[in-house]
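Read off the chains here:
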Amino acid sequence: MGGTDVTVIGLGDMGRALASALVAAGHHTTVWNRSADKADELVAQGAVRAASVEEALSASPLTLVCLIDYEVTRTLLDPMSETLRGRTLVQLSNGTPEQARSLEAWATGQGAGYLDGGIMAVPGTIATPEAFVLYSGTEEHSTAHRPVFEVFGSAKHLGSDTGLASLYDLALLSGMDYLFAGFFHAVAVATSHKDVTAAGFTELLVPWLTNMAHQLPALAADVDSDGEPAYTQGLDVLLAAARNMAQAARDAGVRAEYFDRAAADLERQLAECGKEFTASGAVRALRVPGVSGDRA
Ligand code: NDP
């Protein structure tokens, strides 16, 4: 094997997919997991099982962490300060931007390099063209380890603020969650009729949502621009539709809270912001007054 030495800590569904891809790509791969038997198949493929976290970290200049969360990560790594010195740690577990920045501060305080990552894939799409993984933190670490990162899919370095990968990751997941929630709501309403099947309805939902998704770049351009918006619509038209969607859901025996809230938000916007829907107005309406996040 000629590849770089890499350690993977955490062999859940995702960690096993990452480690397996590394072995297949020819990287000398050391693995550790709390439940040691999850390494069996990887060892059969050519990975090396470490007996402890310390042994796993010591085996490689680069360690990828893929655990349930940051708390477990800190519990495992806290006693490892000496071992981490001079090595690079990449946290791929799901977490918030603040957790990423705090782990970076801790890791660099131990003399380790640190990158934070967000995996935009499921285990079955790792190492396929569908997968992309987001990274943030010191660019020189990203560049140095790019050949390893590219094993998993395309590697996107977002910037030097370590919180960026988590911010994008959670925002992308938010978009996905709303999409799936919308799908389940739509199916519940449509299949309240005895003649409608979920599969038949979905044959129309997919092209409809695909067409709508193509509108997003134009809306995003309006959000970014200070000029005249390219897309506008009457808020009163949207309000009437939201009220109808709430009523149709209720009539179908489906919970209508989302559309009741949407209608109330539109009523508030009509009262406070004028008659027109714009993409930037919709984003502004979501912001909590007095909290600027990282925009300040
Ligand atoms: P799993 O539930 O399959 O694995 C969880 C991992 O965390 C296991 O290695 C588990 O060890 C370990 N773990 C949990 N609690 C402890 C503990 N107290 N001490 C030590 N180890 C612990 O999750 P996934 O592999 O699916 O997810 C891992 C990360 O990857 C998550 O942050 C997830 O959000 C992210 N991810 C997952 C995706 C997916 O589709 N699965 C997609 C994108 C990101 P043990 O085996 O011993 O229980």
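Structure's up top.
Just so you know, these numbers come straight off a predicted model, no measurement behind them. (Residues numbered from 1 in each chain as written. Predicted model: local features only at pLDDT ≥ 70, side-chain atom pairs only at ≥ 80, totals over all residues. Heavy atoms only, no water.)

## Brief notes about the site of the ligand
Let me state the cut-off plainly: By convention in this text, a residue qualifies as near a molecule or strand provided that one of its non-hydrogen atoms is within 4 Å of it. Whenever a nitrogen or oxygen atom comes within 3.5 Å of another N or O atom, the pair is scored as a polar contact, on the condition that within protein one atom can donate a hydrogen and the other can accept it, and that pairs from neighbouring residues in sequence are kept only if both atoms are in side chains. For every accessible area listed, the method is Shrake-Rupley and the probe measures 1.4 Å; residues are considered covered only by the protein chains on display. When residue character is reported, Ala, Val, Leu, Ile, Met, Phe, Trp, Tyr, Cys and Pro are called nonpolar, Asp, Glu, Lys and Arg charged, and the others, Gly included, polar.
Residues in contact with the ligand amount to 19 residues; listed here are only the nearest, N33, R34, S35, K38 and N94. L11 places a main-chain nitrogen or oxygen 3.3 Å from an oxygen atom of the ligand. Interatomic distance of 2.7 Å between a side-chain N/O atom of K38 and an oxygen atom of the ligand. Relative to its unbound accessible area of 890 Å², the ligand is 73% covered by the protein chains. When its residues are assigned to classes, the shell around the ligand shows 10 nonpolar, 6 polar and 3 charged.

## A look at the environment of S225
Which entries qualify depends on this criterion: Secondary structure elements follow DSSP: runs of H or I no shorter than four residues count as helices, runs of E no shorter than two count as strands, and numbering proceeds from the N terminus. Burial here depends on accessible area, computed with a 1.4 Å probe over protein chains only, as a share of the maximum for the residue type. Under 20% is buried, over 50% is exposed, and the range in between is partly exposed.
Position of S225 among the secondary structure elements: in the loop between helix 10 (216-224) and strand 9 (233-234). Assessed through its relative accessible area of 34%, S225 is described here as partly exposed. C-alpha of S225 to C-alpha of S280: the two residues are 55 residues apart in sequence and 8.6 Å apart in space.

## Quick word on a nonpolar patch on the surface
The criterion, for reference: Like charges within 9 Å and nonpolar side chains (Val, Leu, Ile, Met, Phe, Trp, Tyr) within 5 Å are joined into patches, using only residues over 30% in relative accessible area that form no salt bridge. Definition used for salt bridges: Asp or Glu carboxyl oxygen within 4 Å of a side-chain nitrogen of Lys or Arg.
Residues L179, W208, L209 and M212 make up a contiguous nonpolar surface patch of about 370 Å² in total accessible area. Looking at the nonpolar patch element by element, the count peaks at 3 residues for helix 9 (residues 198-213). Of the residues examined, L179 reaches a relative accessible area of 45% and is grouped as partly exposed.

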